[in-house]
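# Observations on the model geometry
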Amino acid sequence: TATRRAAEYCGLHDEAAGQNKPEPEELEWDKRQQQTGAAGRLVSYEAGDRPREDVVLRGGGTRRLMVAAVTEGGRAAQA
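Residues numbered from 1 in each chain as written. Predicted model: local features only at pLDDT ≥ 70, side-chain atom pairs only at ≥ 80, totals over all residues. Heavy atoms only, no water.

Our focus in this paragraph is the environment of Val 70. Mapping Val 70 onto the fold places it in strand β3 (residues 63–71). Among the residues examined, Val 70 registers a relative accessible area of 12% and is labelled buried. Separated by 18 residues in the primary sequence, Val 70 and Arg 52 place their C-alpha atoms 10.0 Å from one another. (Helix = DSSP H or I, 4+ residues; strand = E, 2+ residues; numbered from the N terminus. Buried < 20%, exposed > 50% of the residue type's maximum accessible area, 1.4 Å probe, protein only.)

With that settled, consider the pairing of β3. Here strand β2 (residues 55–60) pairs with β3 via five bridges, running antiparallel. Among the inter-strand pairings, Val 56 is bridged to a residue of β3, identified as Ala 69. Joining the antiparallel neighbours β2 and β3 is a turn of two residues, in which Gly 61 adopts a positive phi near 65 degrees. (Pairing = 2+ DSSP bridges.)

Honestly, it's all geometry; don't read function into it.
This is the structure:
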């Protein structure tokens with residue numbers, strides 16, 4: 001069974017806590033975006049691949065959608 005590891009820049013805080021202050025990764029992202037522009041890695045999947053099994057997402061709704069974890073050995077981990 002593949003295991004998932006948290007992305008280092010994602011502070012996996014309890015979102016139900018209702019904190020209104022920005023999370024550390026949000027501050028880091030904003031700072032990085034101001035300095036160098038948006039940063040990320042593009043992963044290409046082919047027909048028959050299952051990206052849902054490759055990543056765990058967090059956020060959504062009114063929050064940014066971010067990758068919280070990737071499956072070890074998957075395409076996203078190798079990008």
